[in-house]
Amino acid sequence: MLMRHLPLANIEFPLESFGLFRNYHLRTTTTKFAVPRPSPPTYRIRPYCRSTRVVAQYSLRSNIGRIDQPDHWRKTSAPLTHRRGTKLQALLGEGGLSEMDNYVFPDYRLKRKMDDPSKTPLLLIACGSFSPITFLHLRMFIMAGDYVKHNTNFEVIGGYLSPVSDAYKKQGLAAAEHRVNMCKLAIDKASNWLMVDTWEAESPEYQPTALVLDHFDQEVNIKRKGIEAGDGERKPVQIALLAGADLIQTMSQPGVWAEKDLDHILGKFGTFIVERSGTDIDEALASLTNYRDNIYVIQQLIQNDVSSTKIRLFLKRGMSVQYLIPAPVVEYIEQNKLFAEENRSSNTNLPATNTEKGKGSETTASASTN
Ligand SMILES: Nc1ncnc2c1ncn2[C@@H]1O[C@H](COP(=O)(O)OP(=O)(O)OP(=O)(O)O)[C@@H](O)[C@H]1O
Ligand SMILES: NC(=O)c1ccc[n+]([C@@H]2O[C@H](COP(=O)(O)O)[C@@H](O)[C@H]2O)c1
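Rules used throughout
Residues numbered from 1 in each chain as written. Chains lettered and ligands numbered in written order. Predicted model: local features only at pLDDT ≥ 70, side-chain atom pairs only at ≥ 80, totals over all residues. Heavy atoms only, no water. Helix = DSSP H or I, 4+ residues; strand = E, 2+ residues; numbered from the N terminus. Buried < 20%, exposed > 50% of the residue type's maximum accessible area, 1.4 Å probe, protein only. Contact = heavy atoms within 4.5 Å. Pairing = 2+ DSSP bridges. UniProt positions renumbered as here; feature names shortened; annotations may be inferred. Arc of directions from axis to C-beta. Phe/Tyr/Trp six-rings, centres within 6.5 Å; stacked < 30°, edge-to-face > 60°. pLDDT = per-residue confidence, 0-100. Axes fitted to C-alpha atoms, helices over the stretch in contact; angles between N-to-C directions. Left-handed = near helix turned anticlockwise from the far one by under 90°. Nonpolar A, V, L, I, M, F, W, Y, C, P; charged D, E, K, R; others polar. Salt bridge = Lys/Arg side-chain N within 4 Å of Asp/Glu carboxyl O.

Moving on: the overall build of the chain. Tallying secondary structure elements over the chain gives 12 helices and 13 strands in all. Here the chain, with 370 residues, has 51% of them falling under the buried criterion. A separation of at least 24 residues holds for 77% of the contacts in the chain among residues at least 6 apart in sequence.

And the structure:
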């Protein structure tokens, strides 16, 4: 896996060597051996060093050097052993989350060449829980696209959903595998420019947003050297965070964002903010005036107050969420019985921001659904 699991070797062992364990981990102080999945009749062993990870992260942060995943590693992915023989599996295909261990940056919907070389290429990144993804998450990209077209000199060349890692431990966070699958289902047929990047979701550790944006910068500007402008030249792509106003509001709350991360996100990358009911946008931006040239505020002309929290609340109460979230996602939730019960097994450490933002509260379930 890129950056986090820099593989040093790719060794196959006979099945009998490991008995019948499906996941097998050997740890020493400096080296970890992970056996992600059985690939009958052999297990694939993936050794990697913790120390290399630190070096890789440093390189990524500072854009020094190049961290390449060896091609042989990508191509020798273990076959899936738990195939879901459903319509959804057909949709998710081989790119389903079951193959998360073999991370490859998705670029199949990235524009290869700009339509207008005089513009600045722009890539929109929405970081979030997406537990589950709603139509508003998708609408954010559409609203941003319209805003960019009519108000700026940017040209959007693609958009990514980046579901947060399980390590975020937020209340109501379904397993990353499910959240990624739902995001993929939501965009599969519905978009020709949105993609789901699993780099963050795959990470066993929480990745701060500044680092996530660095990852995109690395993939698009360092590895792919930007985009062809149409006049023979390649242009660097402006990476920007796409977020709701509630997220920006947390930027002035003490302890939520590191000062250097804010400077990195708003100074180097910039952000497109979608208005959200319940959040005073002027108040949210008051402490960020230093970065105002890099902050674009998008009005929600048709207010949509749907949130993942409200969706989970409906599901917990056995109410339908049809037409609030994409149909394949409704089907996926039913098939996997998600959000039906209080699902807090991995979410006992709740962040302080859980019940604000006018999203509805899972703990005060009497609110807003009557
Ligand atoms: N109705 C909405 N209006 C504006 N922005 C939204 C809306 N719903 C989600 N967003 C934005 O989408 C991004 C991803 O958010 P996230 O996955 O945390 O969704 P959420 O619906 O706010 O989740 P939850 O209710 O679980 O906290 C955030 O930047 C958030 O502000
Ligand atoms: N310090 C940080 O980098 C930081 C702080 C708060 C939220 N976030 C990100 O914002 C997104 C949405 O978070 P919430 O669902 O908590 O609003 C997540 O992707 C999360 O990683 C990042």
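Time to look at the pairing of strand β11 (residues 238–244). A regular strand places its side chains on the two faces of the sheet in alternate fashion. A large share of β11 lies buried, amounting to 6 of its 7 residues. The pairing of strand β6 (residues 120–128) with β11 spans 4 bridges and is classified as parallel. Its bridge partner being in β11, I125 is matched across the sheet by L241. Where β11 and strand β12 (residues 271–274) come together, 4 bridges link them in parallel fashion. Following the sheet pairing, L241 is matched in β12 by T271.

This paragraph deals with the UniProt feature "domain: Cytidyltransferase-like" (unreviewed entry) in the chain. Under the local residue numbering, the UniProt record ascribes the feature "domain: Cytidyltransferase-like" (unreviewed entry) to residues 125–312. For residues 125–312, the end-to-end C-alpha separation is 24 Å, with 40% helix and 19% strand making up the annotated structure.

All right, on to helix α9 (residues 259–269) then. Every buried residue of α9 is accounted for by D261, L262, I265, L266 and F269. Angularly, the buried residues of α9 cover 110 degrees about the axis, an arc narrow enough to put them on a single face. Opposite the buried face of α9, at more than 90 degrees from it, the exposed residues are E259 and K260. Packing partners of the buried residues in α9 comprise α7 (209–223), β11, β12 and β13 (295–298). Following α9 by one or two positions, G270 has its phi on the positive side, about 95 degrees.

Moving on to unusual backbone geometry. Along the chain, S131 connects to P132 via a cis peptide bond; the corresponding omega equals 5 degrees. Of note, P132 is situated in the loop between β6 and α4 (135–151). Residue K169 is not a glycine yet carries a positive backbone phi of 50 degrees. Structurally, the position occupied by K169 is in the loop between β7 (154–163) and α5 (176–188).

Take the packing of aromatic side chains next. In this structure the tally under the stated criterion is 10 aromatic pairs. Plain terms: the ring middles of F105 and F216 are 5.8 Å apart, the flat faces sit at 70 degrees to each other, and that makes the pair edge-to-face. Here the residue F105 occupies a position in the loop between α3 (87–92) and β6, and F216 occupies one in helix α7, the gap between them amounting to 111 residues. Each member of the pair, F105 as well as F216, carries the same accessibility label: buried. Through pairs of rings, three or more aromatic residues link up here, namely Y147, F154, F272 and Y296.

A separate point is the confidence of the model for the chain. Put simply, the chain has an average pLDDT of 74, and 65% of its residues get 70 or more. Within the model, pLDDT remains below 50 along residues 343–361, and this stretch shows 37 contacts once partners closer than five positions in the same chain are excluded. For residues 363–370, every residue scores under 50 in pLDDT, and the model assigns this stretch 13 contacts once sequence neighbours within four places are set aside. Here the predicted complex scores 0.74 on pTM and 0.97 on ipTM.

A few words on the packing of α7 against α9. Direction vectors running N to C along α7 and α9 enclose 40 degrees, while the axes themselves pass 8 Å from each other. The element α7 and its partner α9 pack so that their crossing is left-handed. Between α7, through T209, A210, L213, D214 and D217, and α9, the contact on the second element is made entirely by D261, H264, I265, K268 and F269. Considering only residue class, the contact of α7 with α9 consists of 4 nonpolar, 2 polar and 4 charged.

Pairing is possible between side chains of opposite charge, provided their charged atoms come close. Inspection of the entire model under this criterion finds 12 salt bridges. Across the salt bridge formed by D107 and R112, the nearest N and O atoms sit 3.8 Å from each other. Under the relative-accessibility criterion, R112 is labelled exposed at 52%. For K268, the salt bridge goes to D217, with nearest N and O atoms at 3.0 Å. Taken as a pair, K268 in helix α9 and D217 in helix α7 lie far apart in primary sequence, 51 residues in all. A relative accessible area of 36% places K268 in the partly exposed class. Taking relative accessible area as the criterion, D217 reaches 7% and is therefore assigned buried. Residues participating in the shared-partner salt-bridge network are D107, R112, E219, K223 and R224.

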